[in-house]
Amino acid sequence: MKYTHITFVAFLCLILAAGAFFSAKDCEAQRRGRLVRAVQENIVPDKVDAAASAVVEIVVEANAPKASAADAKADSAPTDSVREFPGTSDQWKDSLDTDWIEKERKSHMIPKHFDNRSVLRGEQRDGHAYGRYTKADLLLWERETERLVLEGSRIFHSAELLGSTNGTSCDMCHPDASNTHAETYPKYQVQLGRAAILRDMINWCLENPCRAEPMSGDDPRMRAMEAYIQAHSTGKVVKYGKH
């Protein structure tokens, strides 16, 4: 009777373990499905062909372990903290506002991305510079670059994200990045007393009008703001050193 009881308990434990295993697999499959749909809805336009959609799905599958790690980190963090965005780049931060990209587009003027469809024309052979690229590649380039510019816009217009201690944001002096003249750098900056590049002047503005801490060159916020300001120089002739 004793052995029968032990056997029954062991059998019950085995059933529970199997159930937990298959339940976890189902959850993982559902999570990947949601990721694929999210990427297709937010990155791939409605009119993209089936082949492009398939490529995006492969990219999502390849990044699934990375996304899982980001999700796990977010789940373990306090709910009021900023979590890592589970996407193709570690730098993105998302304050649980999944519509921030569309809101930023509607709130501020963002220059149109260059149309790169010309790279798909002409010679398409092995060894050619653009011989292996497809429509899906062009979509990825545009969405990732626009995302960087939009993130720069969000920071540029936010005293909080800039770390300002007096409520000043960049747009108060430079609406829609006006008078930033990214096309004139590098040049001698009188305020700094030396030749400077764009990020040097951004840091001067952070420390003085904004009363914020300067950002390092590899700070994701600095990279995003440089992208946003440079995007607003679209169509302008580069004339470094111009005052």
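Residues numbered from 1 in each chain as written. Predicted model: local features only at pLDDT ≥ 70, side-chain atom pairs only at ≥ 80, totals over all residues. Heavy atoms only, no water.

A. Structural view of the pattern of salt bridges. In this structure the tally under the stated criterion is 8 salt bridges. Arg105 serves as the salt-bridge partner of Glu102, at 3.9 Å between the closest nitrogen and oxygen. Taken together, the residues Glu102 and Arg105, both in helix H3 (residues 100–107) and 3 residues apart, mark about one turn of the helix. Note on Glu102: relative accessible area 41%, which makes it partly exposed. Judged by its relative accessible area of 37%, Arg105 falls in the partly exposed class. With a shortest N-O distance of 2.7 Å, Arg117 and Asp115 are connected by a salt bridge. (Salt bridge = Lys/Arg side-chain N within 4 Å of Asp/Glu carboxyl O. Helix = DSSP H or I, 4+ residues; strand = E, 2+ residues; numbered from the N terminus. Buried < 20%, exposed > 50% of the residue type's maximum accessible area, 1.4 Å probe, protein only.)

B. Spotlight on the packing of aromatic side chains. With the rule as written, the count across this model stands at 1 aromatic pair. Centroid distance Phe156 to Tyr228: 5.0 Å. Interplanar angle 55°. Geometry classified as tilted. Separated by 72 residues along the polypeptide, Phe156 in helix H4 (residues 135–156) and Tyr228 in helix H7 (residues 220–231) bring together distant segments of the chain. The same class applies to Phe156 as to Tyr228, namely buried. Looking at Arg154, its charged tip hangs above the ring of Trp100, at a distance of 4.0 Å from the centre. (Phe/Tyr/Trp six-rings, centres within 6.5 Å; stacked < 30°, edge-to-face > 60°. Lys NZ or Arg CZ within 6 Å of the ring centre and 35° of its normal.)

C. Inspection of the packing of H4 against H7 at higher detail. The geometry of H4 relative to H7 is characterised by a closest axis approach of 7 Å and an angle of 100° between their N-to-C directions. Relative to H7, H4 is oriented roughly perpendicular. On H7, the residues that touch Leu148, Val149, Glu151, Gly152, Ser153, Ile155 and Phe156 of H4 are Arg221, Arg223, Ala224, Met225, Ala227, Tyr228, Ile229 and Ala231. (Axes fitted to C-alpha atoms, helices over the stretch in contact; angles between N-to-C directions. Parallel < 35°, antiparallel > 145°, perpendicular 65-115°, else oblique. Contact = heavy atoms within 4.5 Å.)

D. Quick peek at H7. Along its 12 residues, H7 runs 16 Å from first to last C-alpha, staying within 8% of the 16 Å computed at 1.5 Å per residue. Buried within H7 are the following residues: Met222, Ala224, Met225, Glu226, Ala227, Tyr228, Ile229 and Ala231. Measuring from the side-chain oxygen of the N-cap residue of H7 to the backbone nitrogen of Arg221 gives 2.8 Å; that N-cap residue is Asp219. (Expected span 1.5 Å × (residues − 1). Polar contact = N/O pair within 3.5 Å; in protein donor to acceptor, adjacent residues only side chain to side chain.)

E. Region of the structure containing the nonpolar core. Counting residues in hydrophobic clusters, the biggest one holds 23 residues, and the most contacted among them are Phe156, Leu162, Ile202, Met225 and Ile229. Broken down by secondary-structure element, the contributors of at least two residues to this core are H4, helix H6 (198–207) and H7. Top element by residues in this core is H7. It accounts for 7 residues. For Ile202, the residues in contact, after removing those within four places along its chain, are Met222, Met225, Glu226 and Ile229. (Core = buried A, V, L, I, M, F, W, Y, C linked by side-chain atoms within 4.5 Å.)

F. Summary view of unusual backbone geometry. Here Tyr185 and Pro186 are connected by a cis peptide whose omega angle stands at 5°. For Pro186, the position within the fold is in the loop between helix H5 (159–162) and strand S3 (187–189). A positive phi angle is found at Asp176, which is not glycine, with a value near 55°. Looking at the secondary structure, you find Asp176 in the loop between H5 and S3. The backbone of Ala177 sits at a positive phi, close to 60°, despite the residue not being glycine.

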